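Architecture and fold: a report
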Amino acid sequence: MNMNRIIDMIIRQIMRRVVNKGIDKGFDVAGRMGKPKQRSAVPHDSGTNDDSNHQA
């Protein structure tokens, strides 16, 4: 195999990965369009503790 074919193979592999990452990013952005911003899944602490009323 000559050097030109090896370089072409390597460049083709790199370009395939770059293009696929770009396509994946684009689909992620397109999938989020039109949806409201996601709120935090962690509930806020209301200051009450369930164990505070428990007597030992």
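Everything that follows concerns the structure shown earlier in this document.
Keep in mind that this is a model prediction, so the values were computed, not measured.

This part is about the overall build of the protein. Assigned secondary structure in the protein consists of one helix and zero strands. With an accessible surface of roughly 6200 Å², the protein has 55% of that area assigned to carbon and sulfur atoms.

The subject of this paragraph is helix α1 (residues 3–32). When the terminal C-alpha atoms of α1 are compared, their 44 Å separation across 30 residues agrees well with the 44 Å that a helix rising 1.5 Å per residue should span. Two residues or fewer past α1, glycine 34 is found with a positive phi of approximately 85°.

In this section: a positive patch on the surface. A contiguous patch of positive charge, built from Arg5, Arg12, Arg16, Arg17 and Lys21, is present on the exposed surface. With respect to the secondary-structure elements, arginine 16 resides in helix α1. Given a relative accessible area of 48%, arginine 16 falls into the partly exposed group.

Calculation notes
- Residues numbered from 1 in each chain as written.
- Predicted model: local features only at pLDDT ≥ 70, side-chain atom pairs only at ≥ 80, totals over all residues.
- Heavy atoms only, no water.
- Helix = DSSP H or I, 4+ residues; strand = E, 2+ residues; numbered from the N terminus.
- Areas by Shrake-Rupley, 256 points an atom, 1.4 Å probe, with all protein chains shown as cover.
- Expected span 1.5 Å × (residues − 1).
- Patch = residues over 30% accessible without salt bridge, like charges linked within 9 Å, V, L, I, M, F, W, Y side chains within 5 Å.
- Salt bridge = Lys/Arg side-chain N within 4 Å of Asp/Glu carboxyl O.
- Lys, Arg positive; Asp, Glu negative; His and termini not counted.
- Charge placed at Lys NZ, Arg CZ, Asp CG, Glu CD.
- Buried < 20%, exposed > 50% of the residue type's maximum accessible area, 1.4 Å probe, protein only.

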